[in-house]
Amino acid sequence: MPIDDLRLLSSRASKTTAVAPAGFHCKCGEPVFFRNSRCVSCNSPLGYEPNLRKIVTLEPGATEDLWRLGEDAENSGQLYRRCDNLFSAAACNWIVPVSDNGAIQQTLCQCCRLDRTIPDLSNAADQEAYHRISIAKRRLVACLITLGLPVASRISEDVEHGVAFDFLRSPSVGPRILTGYENGIITLNIEEAEDSRREQIRLEMGEAYRTLLGHLRHETGHYYWDRLIAGTAWIDDFRDLFGDEREDYAAALQTRYQQGPPLGWEARCVSAYAGVHPWEDWAETWAHYLHMMDTIDCALGLGLDPDSSIEMEVKPFTADALFRPEDPEGPRFLHFINSWTRLTAALNELSRAMGFNDFYPFVWSPRVVAKLHFVHLVVCDIGAAAESESSTTAEVAELK
Ligand SMILES: [Zn+2]
Ligand SMILES: [Zn+2]
Ligand SMILES: [Zn+2]
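Residues numbered from 1 in each chain as written. Chains lettered and ligands numbered in written order. Predicted model: local features only at pLDDT ≥ 70, side-chain atom pairs only at ≥ 80, totals over all residues. Heavy atoms only, no water.

This next bit is on the coordination of the zinc ion (ligand 2). Distances from the zinc ion (ligand 2) to its protein donors, C83 (SG), C92 (SG), C109 (SG) and C112 (SG), fall at 2.2 to 2.3 Å. Considering all four donor atoms around the zinc ion (ligand 2), angles at the metal cover 106 to 114 degrees and the coordination shape is tetrahedral. In the primary structure, the donors to the zinc ion (ligand 2) are separated according to the pattern C-x8-C-x16-C-x2-C. When sorted by exposure, C109 lands in the same class as C112, which is buried. (Donors = N, O, S within 2.8 Å, 3.2 Å for Na, K, Ca; no water. Tetrahedral: all angles 85-135°; square planar, octahedral: opposite > 155°, others 65-115°. Buried < 20%, exposed > 50% of the residue type's maximum accessible area, 1.4 Å probe, protein only.)

Side-chain pairs of opposite charge can arise where the charged atoms are in close proximity. Evaluated as defined, the whole model comprises 27 salt bridges. Linking R246 and D244 is a salt bridge whose minimum nitrogen-to-oxygen distance equals 2.8 Å. The exposure class of R246 is exposed, given its relative accessible area of 58%. With a shortest N-O distance of 2.8 Å, R352 and E349 are connected by a salt bridge. With a gap of three residues between them, R352 and E349 both fall in helix 10 (residues 330-353), about one helical turn apart. Owing to a relative accessible area of 43%, R352 belongs among the partly exposed residues under this scheme. Taking the relative accessible area as the measure of exposure, E349 reaches 40% and is therefore partly exposed. The structure contains a network of salt bridges with shared partners spanning E128, R132, D195 and R198. (Salt bridge = Lys/Arg side-chain N within 4 Å of Asp/Glu carboxyl O. Helix = DSSP H or I, 4+ residues; strand = E, 2+ residues; numbered from the N terminus.)

Relative to each other, helix 4 (residues 212-228) and helix 8 (residues 278-301) sit at 120 degrees, their axes nearing to 8 Å. The hand of the helix 4/helix 8 crossing is right-handed. Between helix 4, through G214, R217, H218, T220, G221, H222, Y224, W225 and L228, and helix 8, the contact on the second element is made entirely by W279, E280, W282, A283, E284, W286, A287, L290, H291 and D294. (Axes fitted to C-alpha atoms, helices over the stretch in contact; angles between N-to-C directions. Left-handed = near helix turned anticlockwise from the far one by under 90°. Contact = heavy atoms within 4.5 Å.)

On to the coordination of the zinc ion (ligand 1). Listed as protein donors to the zinc ion (ligand 1) are C26 (SG), C28 (SG), C39 (SG) and C42 (SG); their distances from the metal cover 2.3 Å. Considering all four donor atoms around the zinc ion (ligand 1), angles at the metal cover 104 to 112 degrees and the coordination shape is tetrahedral. We note that the donor set of the zinc ion (ligand 1) lies within a single chain, spaced as C-x1-C-x10-C-x2-C. Pair noted here: C26 is in the loop between helix 1 (3-13) and strand 1 (46-49) and C42 is in the loop between helix 1 and strand 1, with a separation of 16 residues, a long-range link. Among the residues examined, C26 registers a relative accessible area of 5% and is labelled buried.

Let's shift gears to the packing of aromatic side chains. This structure, assessed with the given rule, holds 22 aromatic pairs. Pairing Y360 with W364 gives two aromatic rings, centres 6.1 Å apart and planes at 85 degrees, and the pair type is edge-to-face. With relative accessibility at 7%, the residue Y360 sits in the buried group. Of the residues examined, W364 reaches a relative accessible area of 11% and is grouped as buried. (Phe/Tyr/Trp six-rings, centres within 6.5 Å; stacked < 30°, edge-to-face > 60°.)

As structure tokens, this is what we get:
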């Protein structure tokens, strides 16, 4: 399958690459990257416009803090501010649109305004933690927006259905902060931003993979379960595939900590932790769906087509592994899955060649592929709904 077809699949829900490594250029022609706030070649200010999914060159607006997008960008008439967190430890390069009448509704960007509690920026360790967390969070949020998923702050935009983050450090006395999710709030223990500490926990827990980005992806899985599965038409299929989430969650966690991972999880789940409870299974599968979408999009953005550029024998999954084999888009999704398998097999070999741990230390069973297909259909569904809503809004605006 040609590269454009693969890209079409990842863009069925997502319009284009969120953080294309090869797609962004400064007006001077030099390549620029997702994290850049200035061009290293000509020093032009750069900003990330999450709705255009692009790093853009910024041109001065009417006043010192207003900017417009460079000439060849869409939306060149729109005014923007830089996120207030540009010069904070978050070092945020995102930009915020300013409304038509010049009123500024938000001073933080779509990503930074999700933060409800940030670390204590008066000390260097917490500053560094917030810096690292913010980098991971921007990557996550860019991907969520690209997939057409709702991303709104529970503090300033949607107090009922939005999401927010608490980045907390455990107190020197008293109970430790637990990374987790509850009622729209994602809590991250910021010690996870320290490599030595995180690695120590990874080994203690016997995990193959533990990263900041992985944590954030996993916890957003819980949030989107609340929004996209609970009380929706998907719930029965969810229970068939992942199990009944009404089983006692606290007891399931207790069993996991006392007895270790459930036997035979490999045949059903993407990771040992996923075997604990249907909610964790969903959150883990969700995280892997995002790993796959972001990484394969990145590979395609670099012109790396797993079909033509990787010569490696990998046993492909067949249609019966899918959640809905009869889905007209099923063969395309299956192809995507098999391309990912080939890509990660090659990346694992490259990691080994450098003496690193495997790039993607997971092996999927057909059941995991079915679960990933389910996640994909849920995401496509919400992406399509968001698209038709925005085109309806556009039509209404035209009628006016
Ligand atoms: Zn430049
Ligand atoms: Zn920001
Ligand atoms: Zn979880």
